Amino acid sequence: MTLADVVSLLDRRYPPATAEGWDAVGTVCGDPAQPVRRVLLAVDPTADVVDEAIEVGADLLVTHHPLLLRPVHSVAATTFKGALVHRLVRAGCALHVAHTNADAAADGVAEALAATLGLVDLEPLLPLPGESLDKHVVFVPLDATERVLDAMSDAGAGALGDYSRCAWTSTGTGTFVPGDSAAPAIGERGRVERVEEDRLEMIAPRARRAAVVAAMRGAHPYEEPAFDVLELAVLPATAGTGRVGRLDPPLPLREFAERVAQRLPATEQGVRVAGDLDGEVARVAVVGGSGDSLFDAVRRSGADAYVTADLRHHPASELRERAAFEAHAAGRDARDGRPFLVDVAHWASEWPWLESAARVLREDVAGRGATVDTQVSTRRTDPWTARIASAPLP
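Description of the structure in this document. (Residues numbered from 1 in each chain as written. Predicted model: local features only at pLDDT ≥ 70, side-chain atom pairs only at ≥ 80, totals over all residues. Heavy atoms only, no water.)

Unfilled space is identified by rolling a water-sized probe across the atoms. Enumeration over the complete set of coordinates arrives at one cavity of 30 Å³ or more. Each pocket or cavity is described by its volume, and for the largest cavity that value is around 30 Å³. Together, Leu9, Leu10, Arg13, Tyr14, Ala357, Val360, Leu361 and Asp364 line the largest cavity. When contributions to the lining of the largest cavity are tallied by element, the ones reaching two or more residues are helix H1 (3–13) and helix H12 (352–367). The element contributing the most residues to the lining of the largest cavity is H12, with four residues. Taken together, the residues of the lining of the largest cavity break down into six nonpolar, no polar and two charged. (1 Å grid on protein atoms, 1.4 Å probe; cavity = no way out; pocket = protein on both sides within 12 Å on 5 of 7 lines; lining within 4 Å. Points joined across faces, edges and corners; volume = space filled by probe spheres on them. Helix = DSSP H or I, 4+ residues; strand = E, 2+ residues; numbered from the N terminus. Nonpolar A, V, L, I, M, F, W, Y, C, P; charged D, E, K, R; others polar.)

Here the focus is the environment of alanine 144. By secondary structure assignment, the location of alanine 144 is in the loop between strand S6 (133–141) and helix H6 (145–154). Remark: the alpha-carbon pair of alanine 144 and proline 383, spanning 239 residues in sequence, is separated by 65 Å.

Turning our attention to the layout of surface pockets. Its volume calculated, the largest pocket comes out at about 970 Å³. Among the secondary structure elements, those contributing two or more residues to the lining of the largest pocket are H1, strand S5 (119–129), strand S8 (193–205), strand S10 (236–252) and H12. If one sorts the elements of the lining of the largest pocket by residue count, S10 sits on top with four residues. Class assignment of the residues belonging to the lining of the largest pocket gives a composition of 19 nonpolar, six polar and seven charged. Approximately 750 Å³ is the volume found for the second largest pocket. Along the wall of the second largest pocket there are 33 residues; nearest its centre are Trp22, His65, His99, Thr100 and Asp103. Elements that contribute at least two residues to the lining of the second largest pocket include exactly helix H3 (80–91), helix H4 (100–104), S5, S10, strand S12 (280–290) and helix H11 (346–350).

Each packed pair of helices is defined by two parameters, the angle between the axes and the distance between the axes. Where helix H2 (residues 47–55) meets H3, the axes come as close as 11 Å, and the angle between the chain directions of the two elements is 5 degrees. As the angle between them shows, H2 and H3 are arranged roughly parallel. Residues Ala47, Val50, Asp51 and Ile54 of H2 form the contact with H3, whose own contacting residues are Leu84, Arg87, Leu88 and Ala91. Here the contact of H2 with H3 is built from residues that sort into six nonpolar, no polar and two charged. (Axes fitted to C-alpha atoms, helices over the stretch in contact; angles between N-to-C directions. Parallel < 35°, antiparallel > 145°, perpendicular 65-115°, else oblique. Contact = heavy atoms within 4.5 Å.)

Here the focus is the sheet that holds strand S1 (residues 26–29). Taken in spatial order, the five strands line up as S1-S4-S3-S2-S15 in an open sheet, and their pairing is mixed. The strands lining the two open edges of the sheet, one partner per strand, are S1 and strand S15 (373–376). For this sheet the average axis-to-axis angle between neighbouring strands, irrespective of direction, equals 25 degrees. The pairing of strand S3 (residues 60–63) with strand S4 (residues 94–97) spans four bridges and is parallel. Its bridge partner lying in S4, leucine 61 is registered against leucine 95. Running over the sheet, H12 touches strand S2 (38–42) and S15 and is turned about 175 degrees from S15. (Pairing = 2+ DSSP bridges.)

Within this structure, the stated rule accounts for three aromatic pairs. When the centroid spacing of 5.6 Å and the interplanar angle of 75 degrees are considered together, the rings of tyrosine 14 and tryptophan 353 count as edge-to-face. Here the residue tyrosine 14 occupies a position in the loop between H1 and S1, and tryptophan 353 occupies one in helix H12, the gap between them amounting to 339 residues. Residue tyrosine 14 is classed as buried on the basis of its relative accessible area of 2%. Under the relative-accessibility criterion, tryptophan 353 is labelled buried at 1%. Centroid distance phenylalanine 295 to tyrosine 306: 6.0 Å. Interplanar angle 80 degrees. Geometry classified as edge-to-face. Of this pair, phenylalanine 295 sits in helix H9 (residues 295–301) while tyrosine 306 sits in strand S13 (residues 305–309), and the two are 11 residues apart along the sequence. Side by side, phenylalanine 295 and tyrosine 306 carry an identical accessibility label, which is buried. (Phe/Tyr/Trp six-rings, centres within 6.5 Å; stacked < 30°, edge-to-face > 60°. Buried < 20%, exposed > 50% of the residue type's maximum accessible area, 1.4 Å probe, protein only.)

Cis geometry marks the peptide bond from aspartate 248 to proline 249; its omega dihedral reads 5 degrees. When you line up the elements, proline 249 lands in strand S10. In this model, arginine 338 is joined to proline 339 through a cis peptide bond whose omega is 5 degrees. Residue placement: proline 339 occurs in the loop between helix H10 (313–329) and strand S14 (340–344). Within the chain, arginine 165 stands out as a residue other than glycine whose phi angle is a positive 55 degrees. Mapped onto the elements of the fold, arginine 165 is located in the loop between H6 and strand S7 (168–176).

Take a look at the structure:
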């Protein structure tokens, strides 16, 4: 496999178009034609991780966080980021980033975190809108159906998941009377004509509408084909920010937080909790990385607990105050206000995705009849190195 081949597989799993507008995803350095035999996956493109990539002989380093998130005008080796780029290039190791596009993906960061914590029946916290689709319906004489179907397929119609040239046909009788100035392919001017025709239906992206109609007209034998273009409802996608799922069976908040601490990699921060430790947790929302901007979506989801990282004082305090107020107004103990908060280290919340990404990349490469060695970085890139316990209040 070349770098271009592997990147195409990564982009299929984590489409760059689903990244946030402010993000910087994609290939940072590397020759598209270079062979890729070994891939190292990590959360952060730090100096330690670059050391590891070179030590294990990786041809490609895939990281979740961008190295060059903000625009730069130089990658000179006199800067710490530029020096990393130079080291990677000299070692023949490419760098590719899947950030917010990996957060949103069906096999992405949030889904891996939810699975690690034992959540089932997952759905996106904030689903992305599905693709806008048309249904093209055209009536074709029987001997031209395959030709028209092929032309529409080549123009972008009939793709459903991993399947192409998808269509449905039924046969009936079409009738028409050619006018005096018509040049009919079948029939005569002024006479009623009846023709056995197929009703051909195909789905196509709305962005391909003009191309599909043009292809159909070009392949159709009739001077004036009869056809419909129907706009389909836009359905929520399986991708999107965060995940919401169910604990089976439910757990007290204390036991659920202990599960989080046991299943995520250890950090100096550990796990912080806000809420009634004896309160039952059945529905959980998760967001890998910094998640306090999504409190409103979490509340709308009906989650009993929210697992995320980097919770700031004021947003967290206000959420818990509001939850306590609403619990009291509903006749419950104020401590039982939902959602409870479970705050973990940023790096720890995103680390479970690495094993998932390594597995699906191996599977996707195998589907192309090739092999690639995938490894997950063993370097802990959480920046905090110690925690000193606070003195008890007098």
